Each structure stands twice: as structure tokens, then as C-alpha cells.
Amino acid sequence: MTFAMFRVMALELWRDRGALVMTFLLPPLVFLIFAAVFSGATGEDIKLKLAVADEARTVDSGRLLSALVADADLRADDVGSGEAVRRLVRSGRADAGLIIRADPGLETRPVLIVSDPSRAVAAPLTMARVQQAMGRAMPDVLVARTLAETAPAFGGLTPAQQAVAGRTMDALAKAPPAAESETGLFAREDITGAKKGGGTIAYYAGAVTILFALFSAMQGALSLIDERRSGVADRILAGAAGMGPVINGKFAFLLGQGLLQAIAIFATAQVIYRVPVLAHLPMWLVTTLLVSACAAGLAMAIVTFCKTRDQAQMLSTFVILILAAVGGSMVPRFLMPPWLQTLGWGTPHAWAIEAYQAILWRDGGIGSVYMAWIVLGGVGAAGLFLAHLAARRIR
Amino acid sequence: MTDRPILNVWRAEHQYGPRKVLRGIDLALRPGEIYALLGPNGAGKSTLVGAICGRLKLSGGEIAINGEDPFTTASARASLGLVPQEIALYGHLTVRENLETFGRLAGVKGKGLREAVQRALLLTRTVDREHVPVKQLSGGYKRRVNIGAAIMHRPALLILDEPTVGVDQDAREALDTVIRNLRDTGVSVLIVTHDLEQAGGLADRVGFLREGRKIMEGSPRALIEQAFGEEMEIMVHLTLEPDSAGEILMAGEGLERVGRTSVWSKLDPGGYATAGRLDKRLRKAGLDPREIRVRQPSLQNLFALVADWSRAA
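Residues numbered from 1 in each chain as written. Chains lettered and ligands numbered in written order. Predicted model: local features only at pLDDT ≥ 70, side-chain atom pairs only at ≥ 80, totals over all residues. Heavy atoms only, no water.

Let's talk about the overall build of chain B
- Across its full length, chain B carries 11 helices and 13 strands.
- With the principal axes as the frame, chain B shows a C-alpha extent of 75 × 45 × 40 Å.
- Relative to its 313 residues, chain B shows a buried fraction of 52%.
- Counting every atom, chain B has about 14400 Å² of accessible surface; 48% of that belongs to carbon and sulfur.
- Treating the 43 positive side-chain charges of chain B as one cloud and the 39 negative ones as another, the clouds have centres 4 Å apart. (Helix = DSSP H or I, 4+ residues; strand = E, 2+ residues; numbered from the N terminus. Buried < 20%, exposed > 50% of the residue type's maximum accessible area, 1.4 Å probe, protein only. Areas by Shrake-Rupley, 256 points an atom, 1.4 Å probe, with all protein chains shown as cover. Lys, Arg positive; Asp, Glu negative; His and termini not counted. Charge placed at Lys NZ, Arg CZ, Asp CG, Glu CD.)

Some remarks on the packing of helix α5 (residues 122–137) of chain A against helix α6 (residues 139–150) of chain A
Residues and elements named next belong to chain A.
- α6 packs onto α5 with a crossing angle of 105 degrees between their chain directions and a minimal axis gap of 5 Å. Accordingly, the angle class assigned to the pair α5 and α6 is roughly perpendicular. Together, Gln131, Met134, Gly135, Arg136 and Ala137 of α5 and Pro139, Val141 and Leu142 of α6 make up the contact between the two elements.
- Per-class residue counts for the contact of α5 with α6 are five nonpolar, two polar and one charged. (Axes fitted to C-alpha atoms, helices over the stretch in contact; angles between N-to-C directions. Parallel < 35°, antiparallel > 145°, perpendicular 65-115°, else oblique. Contact = heavy atoms within 4.5 Å. Nonpolar A, V, L, I, M, F, W, Y, C, P; charged D, E, K, R; others polar.)

Re the sheet that holds strand β3 (residues 96–100) of chain A
Residues and elements named next belong to chain A.
- One open sheet accounts for four strands, arranged β2-β1-β3-β4; its pairing is mixed. At either margin of the open sheet sits one strand with a lone partner, and together these are β2 (74–78) and β4 (111–115). Strand-to-strand twist across the sheet, computed as the mean angle between neighbouring axes with direction ignored, equals 25 degrees.
- By the bridge criterion, five bridges tie β3 to β4 in an arrangement that is antiparallel. Bridging from a neighbouring strand, Ala96 pairs with Ser115 of β4.
- Along the sheet, helix α4 (residues 82–90) makes contact with β1 (48–54), β3 and β4, crossing β3 at roughly 170 degrees. (Pairing = 2+ DSSP bridges.)

A look at the interface of chain A and chain B
- Counting residues at the interface gives 25 residues for chain A and 31 residues for chain B.
- Roughly 2500 Å² of surface becomes buried between chain A and chain B when both sides are summed, with 54% attributable to carbon and sulfur atoms.
- Between chain A and chain B we count three salt bridges in total.
- A salt bridge links B:Arg55 to A:Asp234; the shortest N-O distance between them is 2.3 Å.
- Joining chain A to chain B, the criterion identifies nine residue pairs in polar contact (both at pLDDT 80 or more).
- At the level of secondary structure, the elements contributing two or more residues to the side of chain A that touches chain B comprise α1 (2–15), α9 (223–230) and α10 (232–237) of chain A.
- If you tally residues by element for the side of chain A that touches chain B, the top one is α1(A), at eight residues. (Buried area = accessible area lost by both parts, 1.4 Å probe. Salt bridge = Lys/Arg side-chain N within 4 Å of Asp/Glu carboxyl O. Polar contact = N/O pair within 3.5 Å; in protein donor to acceptor, adjacent residues only side chain to side chain.)

Focus on the sheet that holds strand β7 (residues 188–192) of chain B
Residue and element names in this part refer to chain B.
- Reading across the sheet, the six strands line up as β5-β6-β7-β3-β8-β9 and stay open at both edges, with mixed pairing between neighbours. Both outer strands of the open sheet, β5 (80–83) and β9 (213–218), are each paired with one neighbouring strand and no more. The average angle at which neighbouring strand axes cross in this sheet is 15 degrees, direction not considered.
- Packed on one face of the sheet, helix α8 (residues 220–228) meets β8 (205–210) and β9 and runs near 105 degrees to β9.

Some points on helix α1 (residues 45–52) of chain B
Residues and elements named next belong to chain B.
- With seven of eight residues buried, α1 is to be regarded as a mostly interior element.
- Where α1 is concerned, the buried positions are Lys45, Thr47, Leu48, Val49, Gly50, Ala51 and Ile52.
- Looking one or two places after α1, you find Gly54, whose phi comes out positive at around 80 degrees.

Brief notes about the nonpolar core
- Grouped together as the largest cluster of nonpolar side chains are 94 residues, with contacts concentrated most on B:Ile147, B:Leu158, B:Val206 and B:Leu299.
- For this core, the element with the most residues is helix α12 (residues 281–305) of chain A, which contributes seven residues.
- Among residues more than four places away in sequence, those in contact with B:Ile147 are B:Val83, B:Thr124, B:Leu158, B:Leu160, B:Leu175, B:Val178, B:Ile179 and B:Leu182.
- By size, the runner-up hydrophobic cluster in this structure holds 37 residues, among which are A:Val30, A:Ala35, A:Met283 and A:Cys294. (Core = buried A, V, L, I, M, F, W, Y, C linked by side-chain atoms within 4.5 Å.)

Observations concerning the domain arrangement of chain B
- Each assigned domain of chain B is listed with its residue range as follows: domain 1 (7–225) and domain 2 (232–296).
- Averaged C-alpha coordinates put domain 1 of chain B and domain 2 of chain B at centres separated by 39 Å. (Domains from an automatic or database assignment.)

Examining the domain arrangement of chain A
- As assigned here, chain A comprises domain 1 (2–41 + 198–391) and domain 2 (47–159 + 170–174).
- Between the C-alpha centres of domain 1 of chain A and domain 2 of chain A the distance comes to 49 Å.

Quick notes on α5(A)
Residue and element names in this part refer to chain A.
- In this model, α5 (16 residues) spans 22 Å end to end at C-alpha, consistent with the 22 Å of a helix rising 1.5 Å per residue.
- All buried positions along α5 are accounted for by Ala122, Ala123, Thr126, Arg129, Val130, Ala133 and Met134. With its buried residues spanning 135 degrees around the axis, α5 presents them on a single face. (Expected span 1.5 Å × (residues − 1). Arc of directions from axis to C-beta.)

Here we look at the state of the cysteines
All names here are of chain A.
- In the structure shown here, the tally under the stated rule is zero disulfides over all chains.
- Of all cysteine sulfurs in the structure, the one in Cys306 sits closest to Cys294, which takes part in no disulfide; the separation is 17 Å.
- Here Cys294 falls in the buried class, since its relative accessible area comes to 1%. (Disulfide = S-S within 2.5 Å.)

Some points on the packing of aromatic side chains
All names here are of chain A.
- For the structure shown, the criterion picks out 10 aromatic pairs over all chains.
- A centroid spacing of 5.5 Å and a plane angle of 75 degrees characterise the contact between Phe266 and Trp284, whose relative ring orientation is edge-to-face. With Phe266 in helix α11 (residues 244–273) and Trp284 in helix α12, this residue pair connects regions lying 18 residues apart in the sequence.
- The buried category is assigned to Phe266, whose relative accessible area is 1%.
- A residue is classified by how much of its surface remains accessible, and Trp284, at 4% relative accessible area, is buried. (Phe/Tyr/Trp six-rings, centres within 6.5 Å; stacked < 30°, edge-to-face > 60°.)

Let's talk about the pattern of salt bridges
- All chains considered together, the criterion is met by 31 salt bridges over all chains.
- Taking the shortest distance from any N to any O, the salt bridge between A:Arg362 and A:Glu354 comes out at 2.5 Å.
- Judged by its relative accessible area of 28%, A:Glu354 is partly exposed.
- Across the pair B:Arg257 and B:Glu247 runs a salt bridge whose closest N-O atoms are separated by 3.4 Å.

Comments concerning unusual backbone geometry
- In this structure, A:Asp363 is a non-glycine residue whose phi angle is positive, near 55 degrees.
- Residue position: A:Asp363 is located in the loop between α15 (348–360) and α16 (366–391).
- For A:Asp363, a relative accessible area of 46% gives the class partly exposed.
- Positive phi outside glycine occurs at B:Arg125, with the angle close to 55 degrees.
- Topologically, B:Arg125 is positioned in the loop between α4 (110–123) and α5 (139–148).
- The class for B:Arg125 is partly exposed, based on a relative accessible area of 40%.

A word on the environment of A:Leu11
- Within the element layout of this structure, A:Leu11 appears in helix α1.
- Considered as a pair, A:Leu11 and A:Pro110 are 99 residues apart in the sequence and their alpha carbons are 70 Å apart.
- In this view, A:Leu11 contacts B:Leu93 and B:Glu97; residues no more than four positions away in its chain are not counted.

A look at the environment of A:Met138
Residue and element names in this part refer to chain A.
- Examined against the element boundaries, Met138 turns out to sit in the loop between α5 and α6.
- Look at Met138 and you get buried, because its relative accessible area is 0%.
- Linking Met138 and Ala175, residues 37 residues apart in sequence, is a C-alpha distance of 9.5 Å.
- The contacts of Met138, once residues within four sequence positions are left out, are Asp60, Arg63, Leu64 and Ala133.

Right, dumping it as C-alpha cells:
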């Protein structure tokens, strides 16, 4: 009996080619879009669009302007005047603006950053990028500023020291140190060793998988309401078996559908972004089955408690969006306020994403994912149980 | 045919809050019998069918299918097949796939399933459409498959809820044939319908419900004879719409318009003699009847009479 309902769901989907394409093509497509968007937004590849103007018109201000325009990490344009900078930032055509209003080597606060509060993150990023650019292109100016600020604390420089400093600055101006030389305060070590750039991709592969598993499961579970409306449920309820096999059949189908969607998403991740799915196949498979079961159980429970399609659609949309937003399927959780990150652990999304990242990015073993497995499996089982309970009320 | 009823309803009572919808209904259905349950909206038909299908517990009285309570006993429910008013099928699946699905959901498997599909296709005369998706079928075929899906497990009792909604005359006759075929195999059929013509032509017995009570039961012919005696129905079909004077004349002859048609009718014990005299008077008044027919009163007339009683009460 369970197989009969599984077969109905499969055949209905197979013969509705539009729905079939959307079920299995949309998830990898959305994954690619999310991966492209967020790997740029949370990685090191953010390229701010800057409007720059040199109002000081000194030798060093000209050097800074040239350095910024030439910086490959920025998209900086010389727009001529401070007024033009403000206009471009206000209109949104530049992420931030930069007005060099005095000589960078001599004056206090010579650079004015013009920012739009709706892009607040652009201001500190601009500051960092300007510091970087100055360090690379005009280290002599940075040294001069440092000396000017610190020397008075030591009673000033002697003439001999001033002469040495002058020679050093001349040498730095002629031959700046290599950009990657570790002469500053910081050195850097990436914890994942040889892996480069796949963490965000693994994150979003997991995020889109749980998002679509739940979304498709909700759509599939809505057929239960259609069956009540079309009289199919009346027919089944009038028989000996009741709704039990119907619930189980739909759950099994949604589980399989979620698995196939995940295969489509992670195959894309493996092929295009080299996310090492095949290297972790058993752990990935267990996680994916539990993610799909979780989505199927949750969807079945929600739909069986609703009496009309409108109710179910409204509720499912609300649940999908809230869980996705709080659970990190839309925006990475580490960018959220701490209380929201804590709240996120109340969603299956956070657990699913964490499990996939632990397996695919951090090469974690069962010890790092067992809690996620318990939560995902538990939610799925509880959802299925509640769906059976709710279906018993349908008579 | 044995006389032991397949379905027994004793003093069925039910109420939703303070509103009583069933007030002590008795009903018995013998094997191979077609019984039509008639009555206006709100008479209690759907509640009674729900109770027979085991979907609600009666406030009072008892129901037994093959001697077992369908509310508590799965084997009692396994003895019945329900044909809902809606087309309760999967549109993307073919006729055969639908039959297989509902057969499996009713617990039929393997060779038994294949035989049941073949039997249902034959009984519902849908063999020629077995590989066609249901959504591509005509309304009449869908209705027949709707019945086929309910007989996969060979139920002893088949309940049809408004089986002729939205079907044309030809399709209705085909449905009647299917239902008679099923009756001939020994299945008891309970039809809930507003289609009085179908009920009159098909049912061995009919029962009228009104306000939760069964107010009349028997064979259609016996009930009509009991209610109308020697009266015949005289039907006048006018060529042109009568003016207001003509309408007064028609009313004066005791004729009432049938719905919004150009047909007028009355019941009269005089039969053909009255019809002849009526024809002359109408022609003399310039009303030009296209046709005057005389026939036995039907369940339609009986239903109108019951409705009149209801209004009077």
C-alpha cells in the first residue's frame, strides 16, 4: 500500500514535465547563483567601487590617487571633484567615496571617506584597502607619518637620525617592498591547510539542499490536501487501510525526491567547485538521507494539520522562509547577531549546514556530526509521527 | 439472492451540537439490490453515508455491514466501496494505473490485482481507454473509472454519491448500465442522488429523507401509485411564449410551468380525455400547443409533492 502511494507520487511528477524540470534543475541552478554571490561577498574577492577625487593636488596626493586607481583589489575611478564623489555615492553608483583633501604625508586626517549608511560595511573596507594601497605604493609616506607622530614622544630626532630616516624614505620611495612581504604586524595561516576557497561553496551546497528539500517536500505534501479535496481521501478512508499507508508512501517519496535533489546539487558542487563529495560519500549519504527525512517529516506534519490548501501554502511559505533565514540558508550565520546565531540552532537548516561543512570542508568524522544526525533524524521522525497523529483526525 | 441484508441501519441518530441531523433512521439493503437515497439538501443524506462508511460515530442507533460496525471494524469497511461525488482519481495516471493504485490501496496484490483490473475495465466498459491518462477522458468515462476504482476489492456494498453530476444523457445511460452490471454480479448499490430520473429508472427501492427522518420508502412504482393513485401527468409544450392573459389562462387550467422551460404540466385523473379537451381550449384561446403528452407521474412529481408537504409542515 505504501508503494502504491510512492508510485502515484513518482508517476505524477514524472508526467508533469514542468514540475519535474523545476524540481531537479532549479536546486543546482539556485546553488550556483548563491555560491557565486556569497563566495564573493564573504571571501577575499570583494572589489569595492570607489569614487576618488584629489583636491589637495600635491605630489603625494597624486601618488595616492594613482595608487588607488591602479589597485587591482579596487575599482576606483578619478571623478575630479569632491562634489562628484558625493553625488556618485548618494546615487548608489559608487559603494563609497574618497576625497584626498590634504597632503597625505603631512596633514592630520588628509583623506575623507564618504559613505552611504545603507552600505556601512563599505567604509571600514575602504579604510583597509587605502592602508593596503599606501603600504604597497608609497611606504615612504607611511614611514614619514609614523615618524612625525611618534618622534615627539622620544624628544624628537637628532640631525643624524633625521638624515638616516630621509635616506630610508628615499629608498622606500624608489623601491617599495614586495606586497606579500611579512614585515608588518600580521602573518597568516589558513586552518584548512591546502584547501582554498571551497568552504563557502560547501556551506551553500548544504544551505540550498535543506532549503529545497523542505520547499519541495512542502509542495509534495500539499497533494494530501488535494486528495482530501478531490475525494481520493474519502475513498481511501472508506476502506480498511485508512490514511496510514498514504502518509508513509508520501514520506518515502519525499525522502527519495530530497535525495535526488541533493545529488544534483552536490554533483554540481563536485564538478564545478571541486567540493570533495565523492571522497566523503558514506558520511554525505547518511547526512543527506537524514536531511531529506527531516524535510519530509516536517512538511507532512505541517500539511496534515492544515485543513485547506490556502492554509497550508501560507504556513509552509512562512515556515520555509523563517527557517531558511534564521538557519543560515540565505545569509551565512557568522554574519548574524549572536542571539540570532543561537536561535539558528533551533532550525534543521543550521544543523544540516553544519553537518555538511564538517564533512566536506573540515574532513570531520562521525564525532563531529552525530549531534546533527540526531537532530535531523529526530525532527523527521517526530514530523512523521505527528503526521500520522493528525491524519487519524481525518475521518 | 439471500434476504439477509448486507447493510443494516437501526434507529440512526446524530447531531452536530444542538442540531439534530439524523432522527432515528432505519435502513436495510439486501444483496444485489439498488437503493436510491433521495432528499433535499440538509436532509441528512451525507451524514448517513458518512456513518455507513465508518467516518463518524453515531450519537445513537447502530450500523452494521455484514454484521460488523464500520466505525470500529476495518473488515466491515473492507466490504464497502465508495464512489465520491468528485472525480477521485489521479489525472496524470492512466485508467489502468489508477485502478492498480486503488486496488493496491485496498490491499489487492499480484495476480489478484491483475484480474481485478481486468474485471473493473470490463464492468465499467473502459477497456478501450485503459492506457489513456484520466485527465484526457470525457466526463462520462471519468465517472465510469471513478466507479471502477471503488470495485477493485470486490466490495459487497457500493455507495455512489451523486454519480451523474455533470454528465450528459448518453453518459448517464452508460453509467446506468454499469451500475446494473454490478448489481447483476451480486453487489448491493446505495445511490445518493438528486437525479430523480436515474433513481426512478434504476433503483429497486428508493427512500426519501427529510429533516433527518425517512418519510417514505418503497419501489418507485409503488410509491408513485400510492401518492398519485389514478392521476396522470399532462404536459403541454407551447410553441410561443404566452402573454399575461395566456399565463392566466394556463394557471386557470391548473397548469404550472416546469422550471424556466416552455413546458407546463398538471396532474389529473382524467388522463387522455382531459388532455383532448385541454388541447381544444388552448387552441381556441390562440395558445397553439406544439405537443401535449400524457404519462404516468414520476419520482420528480413525488419529490415535488414531498417538498410541498415539507413547506406545509
